[in-house]
Amino acid sequence: MEFVYQNILLISIVVISGLGLIWPALVRRAGTAVNPGAATLLINRENAVVLDVREAEEFAQGHLPDAINLPAGKLVERLAEIEKYKDKPLIVCCAAGMRSNRACRDLGKQGFNQLYNLEGGVDAWVGAGYPIKKGSRNK
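Rules behind the numbers
Residues numbered from 1 in each chain as written. Predicted model: local features only at pLDDT ≥ 70, side-chain atom pairs only at ≥ 80, totals over all residues. Heavy atoms only, no water. Pairing = 2+ DSSP bridges. Helix = DSSP H or I, 4+ residues; strand = E, 2+ residues; numbered from the N terminus. Contact = heavy atoms within 4.5 Å. Axes fitted to C-alpha atoms, helices over the stretch in contact; angles between N-to-C directions. Buried < 20%, exposed > 50% of the residue type's maximum accessible area, 1.4 Å probe, protein only. Arc of directions from axis to C-beta.

## Digging into the sheet that holds strand S4 (residues 90-93)
As summarised here, the arrangement of the 5 strands in space is S1-S5-S4-S2-S3, forming an open sheet in which the pairing is parallel. Both edges of this open sheet fall to strand S1 (32-34) and strand S3 (68-69), since each of them pairs with a single strand only. Most of the contacts of helix H3 (residues 36-46) go to S1, to which it runs at about 105°, and overall it touches S1, strand S2 (49-52), S4 and strand S5 (115-118). In this fold helix H5 (residues 98-109) packs onto S2, S4 and S5, with an angle of close to 170° to the strand it touches most, S5.

Take a look at the structure:
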């Protein structure tokens, strides 16, 4: 026990580091993660619909071409707007992938069965050199 008392800081660092390493395995991801290249293939080959769950202001600053904007906070109450896409591939995106992961989980509970989460979000899309559109036009 004396060792533990004398090295409590070191032991704490080891425990916290260990948790940090296994955290990604513990966090449940919703939907299939796709990178920008795979998302492009889904859009072009399977007519996937892009759902952007960022706020309207973020969407207006730049979004994937033909994306539908439905903020994550209003997803459940405005579900009727995307109900017709239940059986189509649906690529969900946000700025970096966190809100879209949560949205995929919520949509899965509502019966959407072909969900794809854009890894890295719009930031990764832009970083890969793919085009974006500006403005608030909502399809």
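## Looking at H3
Where H3 is concerned, the buried positions are Pro36, Ala39, Thr40 and Leu42. Take H3 and look down its axis: the buried residues cluster within an arc of 160°, on one side only. The exposed set on the far side of H3, more than 90 degrees from its buried face, consists of Asn44 and Arg45. Looking at the buried positions of H3, the neighbouring elements they touch are S1, S4, S5 and helix H6 (121-127).

## Section: unusual backbone geometry
Non-glycine residue Asn47 carries a positive phi angle of around 55°. Residue placement: Asn47 occurs in the loop between H3 and S2. When its relative accessible area of 52% is taken as the criterion, Asn47 is described as exposed.

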